[in-house]
Amino acid sequence: MNWNSVSEFIHMGGYGLYVWGSYAMVAAVMILEVWQLRSRARAQDAASLLTQDGENV
Amino acid sequence: MLALFQRDIKLVLRQRSDTFAALAFFIIVASMFPLGIGPQATLLKQIASGVLWIAALLSAMLGMARMFSEDYADGTLEQMLLSATPLPLLVLAKVCAHWLCSGFLLSLLSPLLAMQFGMSPESTWILALSLFLGTPILTLLGAIGAALTLGVRSQGTLLSLLILPLVIPVLIFGAGAVDAANAGLGLTAHFSLLGAILLLALPLAPLATAAACRIALE
Amino acid sequence: MNWFKYAAPQRFYPLAGILVTWCSVLATLLAIVGLTIGLLIAPTDFQQGESYRIIFIHVPASWMSMVIFVAMAFWSAIGLAFNARLAFMLARALAPTGALMCFLALWTGALWGKPTWGAWWVWDARLTSELILLFLYIGYLALHSTIQDTRRADRAAGLLALVGVVNVPIIYFSVKWWNTLHQGASVSVSAAPRMASIMLIGMLIMAIAFWLYAIATALARTRILIREREAQSAWIDSLEEQT
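Residues numbered from 1 in each chain as written. Chains lettered and ligands numbered in written order. Predicted model: local features only at pLDDT ≥ 70, side-chain atom pairs only at ≥ 80, totals over all residues.

Details of the overall build of chain C
Which entries qualify depends on this criterion: Runs of E in the DSSP output that reach at least two residues are strands. Runs of H or I that reach at least four are helices, and both are numbered from the N terminus. Neighbour density around each residue's C-beta defines its exposure: 20 or more other C-beta atoms within 10 Å make it buried, 12 or fewer make it exposed, and counts between make it partly exposed, where C-beta atoms are placed from the backbone. Remark: residues whose backbone-derived C-beta atoms lie within 7 Å of one another are considered to be in contact.
The secondary structure content of chain C amounts to seven helices and zero strands. For chain C, the N- to C-terminal ordering of α and β elements is α-α-α-α-α-α-α. For chain C, the residues scored as buried account for 48% of the 243 residues in total. For chain C, contacts bridging at least 24 residues in sequence account for 81% of all contacts bridging at least 6.

Looking at the overall build of chain B
The test is simple: To get the radius of gyration, use the C-alpha atoms; to get the globule rule, take the number of residues to the power 0.38 and multiply by 2.2 Å.
When helices and strands are tallied, chain B shows 11 helices and zero strands. Listed N to C, the secondary structure of chain B is α-α-α-α-α-α-α-α-α-α-α in terms of helices and strands. Against the 2.2 N^0.38 benchmark of 17 Å for 218 residues, chain B shows a C-alpha radius of gyration of 18 Å, consistent with a compact globule. Seen through its principal axes, chain B has C-alpha atoms that stretch 55 × 35 × 30 Å. Across the 218 residues of chain B, 48% fall into the buried class. In chain B, 80% of the contacts between residues at least 6 apart in sequence involve partners at least 24 apart.

Section: the nonpolar core
In plain terms, the rule: Remark: nonpolar core denotes a set of buried Ala, Val, Leu, Ile, Met, Phe, Trp, Tyr and Cys residues whose joining runs through C-beta atoms within 7 Å.
Counting residues in hydrophobic clusters, the biggest one holds 157 residues, and the most contacted among them are Leu52, Leu141, Ala147 and Ala212 of chain B together with Met72, Leu159 and Leu160 of chain C. Here this core gets 18 residues from one element, more than from any other, and that element is helix 3 (residues 85-117) of chain C.

A few points about the interface of chain C and chain A
Just so we agree on the cut-off: Under the scheme applied here, ten amino acids are nonpolar (Ala, Val, Leu, Ile, Met, Phe, Trp, Tyr, Cys and Pro), four are charged (Asp, Glu, Lys and Arg), and all others, including Gly, are polar.
Listed per partner, the contact involves 29 residues of chain C and 24 residues of chain A. The set of elements that each furnish at least two residues to the side of chain C that touches chain A consists of helix 1 (3-41), helix 3, helix 6 (197-229) and helix 7 (234-242) of chain C. Tallying contributions element by element places helix 3 of chain C first for the side of chain C that touches chain A, with nine residues. Taken together, the residues that form the side of chain C that touches chain A break down as 15 nonpolar, seven polar and seven charged.

Details of the interface of chain B and chain C
At the interface, 20 residues of chain B touch 21 residues of chain C. Mapped by element, the contributors of at least two residues to the side of chain B that touches chain C are helix 8 (121-148), helix 9 (155-163), helix 10 (168-182) and helix 11 (188-217) of chain B. Of the residues assigned to the side of chain B that touches chain C, the class counts are 17 nonpolar, one polar and two charged.

Here's the deal with unusual backbone geometry
Residue and element names in this part refer to chain A. For Met12, which is not glycine, the phi torsion reads 50 degrees and is therefore positive. As for its position among the elements, Met12 is in the loop between helix 1 (6-11) and helix 2 (16-56). Looking at Met12, the number of C-beta atoms within 10 Å reads 19, which means it is partly exposed.

Quick look at helix 6 (residues 87-100) of chain B
Residues and elements named next belong to chain B. Applicable threshold: What a helix is expected to span follows from its residue count: subtract one and scale by 1.5 Å.
Counted at 1.5 Å a residue, the expected span for helix 6 with its 14 residues is 20 Å, and the 20 Å between its end C-alpha atoms agrees. Residues of helix 6 that are buried: Leu90, Val91, Leu92, Ala93, Lys94, Val95, Ala97, His98 and Trp99. Buried-residue contacts for helix 6 involve helix 1 (2-14), helix 4 (66-74), helix 5 (76-82), helix 7 (103-116), helix 8 and helix 11.

A few points about the confidence of the model for chain C
Residue and element names in this part refer to chain C. The following threshold applies: Confidence of the predictor at the level of single residues is given by pLDDT, which spans 0 to 100.
Taken over all residues, the pLDDT of chain C has a mean of 87, while the share at 70 or more is 88%. Summarising per-element confidence for chain C, the mean pLDDT is lowest in helix 7 (66) and highest in helix 2 (residues 55-82) (95). Reported confidences for the modelled complex are a pTM of 0.91 and an ipTM of 0.91.

Looking at the packing of helix 8 of chain B against helix 10 of chain B
All names here are of chain B. Cut-off, in case you're wondering: The convention used is that axes are lines fitted to C-alpha atoms, helices contributing only their stretch in contact, and that angles between N-to-C directions extend from 0 to 180 degrees. When describing relative orientation, an angle under 35 degrees is termed roughly parallel and one over 145 degrees roughly antiparallel, while 65 to 115 degrees is termed roughly perpendicular and anything else oblique. For a crossing to be left-handed, the near helix must be turned anticlockwise from the far one by less than a right angle; the clockwise case is right-handed.
At their nearest, the axes of helix 8 and helix 10 sit 9 Å apart, and the two run at 165 degrees to each other. Regarding the angle of helix 8 to helix 10, the classification is roughly antiparallel. Of the two elements, helix 8 crosses helix 10, and the hand of that crossing is right-handed. Contact residues: Glu122, Ser123, Ile126, Leu127, Ser130, Leu131, Gly134, Ile137 and Leu138 in helix 8; Val170, Gly174, Ala177, Val178, Ala181 and Asn182 in helix 10. Classifying every residue of the contact of helix 8 with helix 10 by side-chain character gives nine nonpolar, five polar and one charged.

What about the packing of helix 3 (residues 41-64) of chain B against helix 9 of chain B?
All names here are of chain B. Packing of helix 3 against helix 9 leaves a shortest axis separation of 9 Å and a crossing angle of 130 degrees. Judged on the interaxial angle alone, helix 9 and helix 3 are oblique. As for the relative orientation of helix 3 and helix 9, their crossing is right-handed in sense. Contact with helix 3, carried on its side by Met61, Leu62 and Met64, involves Gly156, Leu159, Ser160 and Ile163 of helix 9 and no other residues of that element. Classifying every residue of the contact of helix 3 with helix 9 gives five nonpolar, two polar and no charged.

Notes on the confidence of the model for chain B
The predicted model of chain B has a mean per-residue pLDDT of 91, with 100% of residues at 70 or higher. The least confident element of chain B, judged by mean pLDDT, is helix 1 of chain B at 84; the most confident is helix 8 of chain B at 95.

Considerations on the environment of Ala73 of chain B
In this structure, Ala73 of chain B sits in helix 4. Measuring from C-alpha to C-alpha, the distance between Ala73 of chain B and Leu150 of chain B comes to 9.2 Å, with 77 residues separating the pair along the chain.

Listed below in structure tokens is the structure:
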């Protein structure tokens, strides 16, 4: 373990802004991408239910 | 092929306004830079080759869309697809005709603008030569963009968006030739690289353009 | 029912589903390992201090941006050569992920450059080429979305991807040339710190994690595209009746 305390870890030797700014953006982009794909798939499920109801009637 | 070439030249001569507009654009854009940056002679001399190359690039892109759009609209392009002559050769004929009425003229005009920027006679020579060598490449690559974007909304803008990244090497070697000469580094490298790209583009770009035409007409 | 015509997307759809799950799980596990190494275990760099830790995400992102572009071109070539719908769908599905990787490479590159070389943007060969690659991705997506007919959009954008992939080495070479001419002893973001092997291992693990992530998202997007495009076919109906 490279760190002696949590605050050291967050401080990143003074570079905290840059390091966490990078990691945060990567995380944000990935989470957004996955979330967007999930919601598109859910929308497709919902749309298919509507057409199914139409057919079964 | 020759017939197509002659026909295209005739069509452009009939509608000279497009050509003049592109040339005027070249002059205006080049003149904008000193207006935007400041007229210090030393600064202008430094940026001259880059600015003039970019202005030439942009005005070349401006006229690119019309290479196939009229033929596409009136059905001539379909006829070209069906003709006995291989489509890439027909494309090459159109590219030559188009270049004579755009890039070629821009290269001829460049010494005048070089004067505006206070370029030395030697640099002006090199700039004009680099444009003569480089603008055919622009037209060849632009043809691919023109064919890909046929019939599409805002064709001109999309075409530029697609092709400008691809012509960055031409810009780098073309504009760089002047700077290299000024720095005493010799021209051979830049011009050989430009020549190499031209030799690559001459057979390959018409092939890609022909494929793009077929895709647009299916 | 002409099943042969729909065979490729139909058979592919459930396979893709399985792959998405597996790749996601593996990616997550590897990322946890990689991040532990990169953020917790690897020592401080002698020259760059803690800011070097950005390489654990910068390098994988830029590698992926390039790998995905090549994959896009590859699937476009398959699509054009064999007239295969599914190949075009794969290419189209890869593009947004690749573009995002490009953006991340540029963002992390800037945040790494600022503490290291004092500027948010340095015109070094790698970063500049990454920027141009982003333009190529945007061009592909713009062309695809502007053309209304899906088939023509697939093929035109596919051709563009091929033209692009051929050009990328030329562009990179010319930018490198330009960079050395104008900066002399160039400040290079790509000059990685002399890495202890633990750092290298961490970076490679993260690279694989990014790669698996990219596969998972691209396949998930392909499934969405399949459902969108194959909406008329019977197997979609029976699939949806099951859900």
